[in-house]
Amino acid sequence: MPSAQGREVLGWWLVTRAGLFLLSVSAPLLFNRFPDYPHVWKAWLQWDVAHLNAVAQYGYNHGEPSGAPLAAFFPGFPLLVRLVSYTGIGYVASGIVVSAVASAVAGVYLARLAQYEFPELKGIGPNAAMVWYGAPVGVFLAAGYTESLFCAFAFPAWLAARQGRWARAAVFVALASTVRVSGLFLIFALLVEFLTSKKRDWVSLPWLALPVVPVLGFMAYLKHIHGSWFAWHQAQEKGWPRKFTWPWTSLQHTVQAATKGFFPADRTDWTWMFRAELVALFVCLLLLVWLLWRRSWGEAAWVAATLGAFCTSYWVFSLTRATLLLWPLWIGLAVLIRRKPWLGRLYLGLAIPLAAAWACAFFTGRWSG
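Residues numbered from 1 in each chain as written. Predicted model: local features only at pLDDT ≥ 70, side-chain atom pairs only at ≥ 80, totals over all residues. Heavy atoms only, no water.

A. How the structure looks around the packing of helix H1 (residues 4–30) against helix H16 (residues 341–363). Following both chains from N to C, one finds H1 and H16 inclined at 55°, their axes separated by 9 Å at the closest point. Taken together, the axes of H1 and H16 are oblique relative to one another. Here the hand of the crossing between H1 and H16 comes out right-handed. Together, Leu 20, Leu 23, Ser 24, Ala 27 and Pro 28 of H1 and Ala 356, Ala 359, Cys 360 and Phe 363 of H16 make up the contact between the two elements. Of the residues that constitute the contact of H1 with H16, the class distribution is eight nonpolar, one polar and no charged. (Axes fitted to C-alpha atoms, helices over the stretch in contact; angles between N-to-C directions. Helix = DSSP H or I, 4+ residues; strand = E, 2+ residues; numbered from the N terminus. Parallel < 35°, antiparallel > 145°, perpendicular 65-115°, else oblique. Left-handed = near helix turned anticlockwise from the far one by under 90°. Contact = heavy atoms within 4.5 Å. Nonpolar A, V, L, I, M, F, W, Y, C, P; charged D, E, K, R; others polar.)

B. Quick peek at helix H12 (residues 268–293). With 26 residues, H12 ought to run about 38 Å at 1.5 Å a step, and its terminal C-alpha atoms sit 38 Å apart, in line with that. Once H12 finishes, Arg 295 follows within two positions and takes phi at roughly 60°, a positive value. (Expected span 1.5 Å × (residues − 1).)

C. The pattern of salt bridges, seen in detail. For the structure on display, the rule yields seven salt bridges. As a salt-bridge pair, Asp 48 and Arg 321 come within 3.6 Å of each other at their nearest N and O atoms. With Asp 48 in helix H2 (residues 48–58) and Arg 321 in helix H14 (residues 319–322), this residue pair connects regions lying 273 residues apart in the sequence. According to the relative accessible area criterion, Asp 48 is buried, its value standing at 14%. For Arg 162, the salt bridge goes to Glu 117, with nearest N and O atoms at 2.7 Å. Residue Arg 162 is located in helix H6 (residues 147–162), and its partner Glu 117 is located in helix H4 (residues 91–117); the two are separated by 45 residues in the primary sequence. (Salt bridge = Lys/Arg side-chain N within 4 Å of Asp/Glu carboxyl O. Buried < 20%, exposed > 50% of the residue type's maximum accessible area, 1.4 Å probe, protein only.)

D. The arrangement of a nonpolar patch on the surface in detail. Residues Val 25, Leu 29, Leu 30 and Phe 31 make up a contiguous nonpolar surface patch of roughly 400 Å² in combined accessible area. Position of Leu 29 among the secondary structure elements: in helix H1. Taking relative accessible area as the criterion, Leu 29 reaches 47% and is therefore assigned partly exposed. (Patch = residues over 30% accessible without salt bridge, like charges linked within 9 Å, V, L, I, M, F, W, Y side chains within 5 Å. Areas by Shrake-Rupley, 256 points an atom, 1.4 Å probe, with all protein chains shown as cover.)

This is a description of form; function is not addressed.
Here you go:
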């Protein structure tokens with residue numbers, strides 16, 4: 001039976017899932033963009049959902065059935081979607097089910113991690129889960145995207161690492177590494193955490209090689225069918241502007257994209273989303289400074305590696321969505337809110353309407369990071 005803390009976390013999970021499902025029904029009807037609405041089930045079939053479903057349905061060697069090179073997507077999430085689809089509910093619904101279960105698990109472990117890091121703040125765990133579920137980009141924790149599943153592995157991995165349970169941490173990081181390329185950054189962060197931890201156990205060091213195995217396995221598979229060990233990166237370069245760019249040039253491109261008039265008049269959603277990318281970049285830089293000040297070297301390595309990847313692309317692209325992976329951000333916000341209650345009211349006052357706007361943008365096919 002779940003603890004009182006677990007029940008509170010799951011309560012926040014249920015309330016926020018219900019709100020998002022309400023928006024998925026109402027947004028397409030209220031803000032119709034396509035002629036075939038009201039077909040509200042299509043609200044969940046947006047952007048990367050189509051590509052991940054294509055991987056689940058066709059695999060990696062059937063061309064580009066969704067209009068994008070599928071090698072860019074790691075296999076963990078599509079594999080689970082395929083397994084759930086055998087129940088007969090379809091790929092879109094299967095992705096929602098996987099994300100629903102994964103987000104519940106991730107929220108519980110985020111709460112445990114927050115309570116472990118700040119034991120003096122009673123009840124801080126559910127608060128961290130609440131701000132995470134209520135994040136402005138929280139719709140991606142409910143849709144058939146990879147964020148929830150990655151976090152369902154990454155959060156318990158980090159809790160295990162902080163407790164000095166290195167074998168357990170390595171197993172969870174290995175699982176996270178099957179879900180998205182962010183697993184590479186998590187491997188790096190785990191190594192830094194091991195080397196700087198007072199609970200370092202050299203006997204456990206070989207376990208840290210385990211997370212590399214699924215990454216190398218995926219690369220070998222892509223080499224077999226596409227002829228390149230780095231087919232996943234080449235696919236990202238082809239389908240999305242992920243080619244290496246110096247950070248200052250990437251920032252310049254992002255500022256240009258956030259400037260009114262850069263995109264066609266009917267794509268103001270792109271302009272606003274790039275403005276959100278700049279806000280996310282600023283928040284993440286503040287988070288990195290805070291972690292370095294606290295000498296939280298492992299978490300700082302995680303945030304720095306994530307930022308480094310986004311800031312060396314053509315422009316800062318989808319960092320808003322990637323903030324969901326940064327557990328120090330949500331734990332830090334929960335701590336700040338606990339110590340300054342007025343900030344909690346301010347956060348909710350901003351996050352709730354932003355989350356609704358983001359969800360409506362997603363459900364109506366507008367670009368939403």
